[in-house]
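This is what each chain is made of:
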Amino acid sequence: MSSRAHPRVVAVLGPTNTGKTHLAIERMLGHASGMIGFPLRLLARENYDRIVRLRGAAAVALVTGEEKIVPANPRYFVCTVESMPLDRMVDFLAIDEVQLAADAERGHIFTSRLLHARGRDETMLLGSDTMRPLVRRLVPEAEFVERPRFSTLSCIGERKVTRLPPRSAVVAFSVSDVFEIAELVRRQRGGTAVVLGALSPRARNAQVAMYQAGEVDYLVATDAIGMGLNMDVDHVAFARLAKFDGRGIRRLAAPEIGQIAGRAGRHMSDGTFGTTADAGALEPEVVEAVENHRFDPVVAAFWRNSRLDMRSLERLVASLEERAPAACLTRAREADDERVLAALRRLPDVVARARTPDGVRRLWEVCQVPDFRKTMSDGHTRLLAQIFRHLQGPAGRLPEDWVAGHLARLDRGDGDIDTLVARIAHVRTWTYVAHRAEWVTDAAHWQERARAIEDKLSDALHDRLTQRFVDRRAALLVKRLKGDGELLAAVTREGEVVVEGHHVGRIEGFRFRADALGADEARPLLAAARRVLPAEVSRRVRHCVADPDVAFALAPDATLLWQGVAVARLAPGGAMLSPAVQPFDSEFLSPPARDALRRRLAAWVDAHVDAVLGPLLRLRGLKLDGPGRGLAFQLVEAGGCLARAGAGPQVGALSADDRKTLTRAGVRFGTGWIYAAAMTRPAPVALRALLWSLAHEGRLPAPVPPPGRLGIDRDPLVAPGFYRAIGYPPVGARALRVDRLEALAAAARRLAQAGPFVATPALAGLADSRLADLPGMLADLGYRAVVEGETTTFVAASRRRPGRRERPARPALGPAFAALGALRKDRAG
């Protein structure tokens, strides 16, 4: 194409999703040569790959601060705006997103390209329609082409994050907010991709690719998504409406909201935008402006002198501080490179090395090495000072071992997300340095080394982000449920429930226990599980009904276990020794299966009660006369321990033969209690404790005496009837096993027959109690304490006579030792 005498300048302006970039690339490829500048390295790389597919790698060059791919004779250059090689003339030149001329940080670079970058035949300026008045003023020869949006953009108001539709992007303006929202989305919806400005292009691409592939349906991002990232987003939700702009917190302007919201809807698909519940509603005038793409025009662009004087440091600074030449141009505030220059000018050795124009030019080039951490820390300034010293040294290049050492310290894939982001920022600085071929020996080697480390760290960062913010199991299930096919579910031999190859829960007995999932995920999981769990539960019921008694057990909390798993609970029945069985609720148990299970468990409970309490229960079948049968019935109903005072008529009417029959059956007739001797063993005690607590709504597990203990301290919150039912009648502050209580009563009687007696350690040992417990226990047994001086004696309350002086206490050691001998003999037995 022949060059024109007056090259054409075309401003293609309009909102997002108008095909401006597509048009510019088509126009460029229609020329013999061309160059296009993008605002982001990511966009440059994306469109470079696109043009390579159309024209081949030999025809296309990629030039960014951190990456240069320049074949021998390229026809087209794809660049970041800062890296456009403007000394190379091309037929066509385009600048994307020219509205960034109003950006306080980078605006002066876009303004410089707007004013000075031209193609021989055609120049195309791409951006928002808000730039029309400013472009007309700065580039009066420009023609204007208006591009309408392919799809509509409408506001749907506020929604909770957990209620956002699929294919939504949630936008916040701080890393902490992004991570907090991403955690919530992972818990409720299975996962989300995360896009931050601090991510390397490779990590960002991997996150976007995961979203684009449908592995997750949500994206949580900073405003990094607002600039040209092409994704299939249907809805954009603003989680915050204010941001920190480097100086302070300010509310988003309507054009900024429009730029980000414009990511929703691609090509002919309409999009929506709104806010999350925490952000509050957008003002009606902002909604109208965004929906109709009508914003206040940009009235001024940031400007900095691009024709710098390199004859001395003083002249360089003066040229940087030159005032803007027009009222619509605003002097840019101090940029990062100017701040670095000011810091380095305070170092005498740096100033000494910058005495010549070449030294000044080299220093200014070093000052433009970016700090990708965006902190402008002293560490970055010190690094640039050292780079300049090496470049101005005898070799004129950076020492290879020095560069290698810095890169080696960054070549580590361990650490959390923040650590990896910081390392990537460091290595990107070295990638930029390595692409200054005149600064290093064997530039290609160092470029490859830096790129390999960045790729390694980026892959590790992508993995960390995915591990933290994506539950692949839940995300896959949600994705599959959106399709027409059914989820495949199965149950393993171990009871694990698997849906589409992912563990989602397990069957415990006859109940399904789902893993911790959000409400939206639980519904599809249960829907898939319901297709296989009824058959599995029926199979288990059949096995349970057929299993022998050894497969069952009763837990202390009254739950029934089958093969070690709780499947039912005992409930109060018609009598204490006849509890009912209630299988646990399960939506997968059919009524016939539930009845079969209940009958089998009830049969085992009956057999278990009979095995443990058999000697007591068999008293009902003894051949006895009326009084004997009545006494046996009372004893069984009481659980094997009956106060003699409550059975006086039956005992008095008992025949000698019936008494012998009951004695042979293990019934013992004490002075205070009638009890079944076999029921004093630990197993019957524990079972009666459980059954009594169940029948009387006592606490479970019941406070069962430890095996072998003859006495325990009474719990004031436990009813006395509990202790009587388990064969440990209460006496004083203690509860004694009934046979030991009878032994204590007998020993006290023998001592009292000889007159007043004192409480001795031997007597306390007989009751498995402390000496201090004896007064209360003896009082309950009918003995009164008599205090004379420092001596306390006990007498039978019935022996007291008014005015009669009690006889002095006798040692009575013989009966006490006899009682102690009986205790030892009992324990030895």
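Residues numbered from 1 in each chain as written. Predicted model: local features only at pLDDT ≥ 70, side-chain atom pairs only at ≥ 80, totals over all residues. Heavy atoms only, no water.

For the coordinates displayed, the defined rule picks out eight aromatic pairs. Ring centres of Phe 179 and Phe 469 lie 5.3 Å apart, and the angle between their planes is 40°; on these two criteria the pair is classed as tilted. Taken together, the residues Phe 179 in helix H5 (residues 175-189) and Phe 469 in helix H16 (residues 443-469) connect sequence positions 290 residues apart. Given a relative accessible area of 8%, Phe 179 falls into the buried group. Seen from their ring centres, Trp 402 and Trp 430 are 5.5 Å apart, and the 70° between their planes marks the pair as edge-to-face. Of this pair, Trp 402 sits in helix H14 (residues 400-410) while Trp 430 sits in helix H15 (residues 417-434), and the two are 28 residues apart along the sequence. Put simply, the rings of Trp 692, Phe 722 and Tyr 723 pair up and form one aromatic cluster. The ring of Phe 144 carries the charged tip of Arg 136 above its face, separated from the ring centre by 4.9 Å. (Phe/Tyr/Trp six-rings, centres within 6.5 Å; stacked < 30°, edge-to-face > 60°. Helix = DSSP H or I, 4+ residues; strand = E, 2+ residues; numbered from the N terminus. Buried < 20%, exposed > 50% of the residue type's maximum accessible area, 1.4 Å probe, protein only. Lys NZ or Arg CZ within 6 Å of the ring centre and 35° of its normal.)

Burial of strand S6 (residues 92-95) is two-sided: the residues Phe 92 and Ala 94 facing one way and the residues Leu 93 and Ile 95 facing the other way are all buried. Looking at chain direction, S6 and strand S7 (residues 122-127) are connected through four bridges and run parallel. By the bridge assignment, Ala 94 is partnered in S7 with Met 124. Read from S6 through helix H3 (residues 107-116) to S7, the crossover connection turns out right-handed. (Pairing = 2+ DSSP bridges. Right-handed = clockwise from strand over helix to strand, strands pointing away.)

One finds Phe 510, Leu 613 and Leu 631 to be the most contacted residues of the largest nonpolar core, which totals 67 residues. When residues in this core are grouped by element, the largest group, 10 residues, is from helix H20 (residues 591-617). The residues contacting Leu 613, other than those within four sequence positions of it, are Leu 577, Met 679, Pro 684, Leu 687, Arg 688 and Leu 691. Counting residues in each nonpolar core, the second largest holds 65 residues, with Val 220, Val 350, Leu 363 and Val 427 among its members. (Core = buried A, V, L, I, M, F, W, Y, C linked by side-chain atoms within 4.5 Å. Contact = heavy atoms within 4.5 Å.)

Structurally, Thr 431 can be placed in helix H15. Residue Thr 431 is classed as buried on the basis of its relative accessible area, which comes to 0%. Discounting chain neighbours no more than four positions away, the residues touching Thr 431 are Glu 66, Ala 450, Arg 451 and Glu 454.

The next thing to look at is the pairing of strand S34 (residues 791-796). One ladder, built from six bridges, connects strand S33 (residues 783-788) with S34; its direction is antiparallel. Bridge assignment links Ala 785 to a residue of S34, and that residue is Phe 794.

With that out of the way, let us pick up the confidence of the model for the protein chain. Chain-level pLDDT for the protein chain is 87 on average; 91% of the residues reach the 70-or-more range. Of all helices and strands in the protein chain, the one with the weakest mean pLDDT is helix H29 (residues 813-828) (44), whereas S6 scores best (98). In the model, residues 799-829 has pLDDT below 50 throughout and makes 33 contacts with residues more than four positions away in sequence or in other chains. (pLDDT = per-residue confidence, 0-100.)

Attention now moves to helix H26 (residues 738-753). Counted at 1.5 Å a residue, the expected span for H26 with its 16 residues is 22 Å, and the 23 Å between its end C-alpha atoms agrees. Within H26, 12 of the 16 residues are buried, which leaves it mostly tucked inside the rest of the structure. All buried positions along H26 are accounted for by Val 738, Asp 739, Arg 740, Leu 741, Glu 742, Leu 744, Ala 745, Ala 746, Ala 747, Ala 748, Leu 751 and Ala 752. Following H26 by one or two positions, Gly 755 adopts a phi angle in the positive range, close to 120°. (Expected span 1.5 Å × (residues − 1).)

Here we take up the sheet that holds strand S29 (residues 673-676). With antiparallel pairing, the three strands of this open sheet are ordered in space as S27-S29-S28. On the outer flanks of this sheet lie strand S27 (641-643) and strand S28 (667-669), each paired with one strand and no other. Taken over all neighbouring pairs, the strand axes of this sheet differ in orientation by 15° on average, direction set aside. Of the strands in this sheet, S27, S28 and S29 are in contact with helix H21 (residues 626-637), which crosses S27 at around 115°. (Axes fitted to C-alpha atoms, helices over the stretch in contact; angles between N-to-C directions.)

Moving on, we get to the packing of helix H19 (residues 533-546) against H20. In the contact formed by H19 and H20, the axes pass within 9 Å of each other and the chain directions differ by 25°. Overall, the two elements H19 and H20 adopt an arrangement that is roughly parallel. Note on packing geometry: the crossing formed by H19 with H20 is left-handed. On H20, the residues that touch Val 541, Cys 544 and Val 545 of H19 are Ala 593, Ala 596, Leu 597 and Arg 600. Among the residues forming the contact of H19 with H20, the class breakdown is six nonpolar, no polar and one charged. (Parallel < 35°, antiparallel > 145°, perpendicular 65-115°, else oblique. Left-handed = near helix turned anticlockwise from the far one by under 90°. Nonpolar A, V, L, I, M, F, W, Y, C, P; charged D, E, K, R; others polar.)

Put simply, helix H12 (residues 357-367) and helix H13 (residues 378-391) touch, their axes get as near as 10 Å, and they point 145° apart. Here the hand of the crossing between H12 and H13 comes out right-handed. In this structure, H12 contributes Gly 359, Arg 362, Leu 363, Val 366 and Cys 367 to the contact, and H13 contributes Leu 384, Ile 387, Phe 388 and Leu 391. Among the residues forming the contact of H12 with H13, the class breakdown is seven nonpolar, one polar and one charged.

What follows deals with the sheet that holds strand S13 (residues 235-238). Backbone hydrogen bonds are what pair the strands of a sheet, in a parallel or an antiparallel way. With parallel pairing, six strands are arranged side by side in an open sheet as S9-S16-S13-S10-S12-S11. Of all strands in the sheet, those bounded by a partner on one side alone are strand S9 (153-159) and strand S11 (193-195). Averaged over neighbouring strand pairs, the angle between their axes works out to 20° when direction is ignored. Judged from the five bridges that link them, S9 and strand S16 (residues 271-276) form a sheet pairing that is parallel. Its bridge partner being in S16, Ser 154 is matched across the sheet by Thr 272. Of the strands in this sheet, S9, strand S10 (168-171), S13 and S16 are in contact with helix H7 (residues 254-261), which crosses S13 at around 140°.

For H21, built from 12 residues, the straight-helix expectation of 16 Å at 1.5 Å per residue is met to within 8% by its first-to-last C-alpha distance of 17 Å. If you check which residues of H21 are buried, you get Gly 628, Leu 631, Ala 632, Leu 635 and Val 636. For H21, the buried positions fall inside an angular range of 130° around the axis, keeping them on one side. On its buried face, H21 sits against H20, S27, helix H22 (648-652), helix H23 (656-664), S28 and S29. At the exit of H21 stands Gly 639, carrying a positive phi of roughly 90°. (Arc of directions from axis to C-beta.)

Looking at the element boundaries, Thr 661 is found in helix H23. Judged by its relative accessible area of 19%, Thr 661 falls in the buried class. If sequence neighbours within four positions are ignored, Thr 661 has contacts with Leu 622 and Leu 624.

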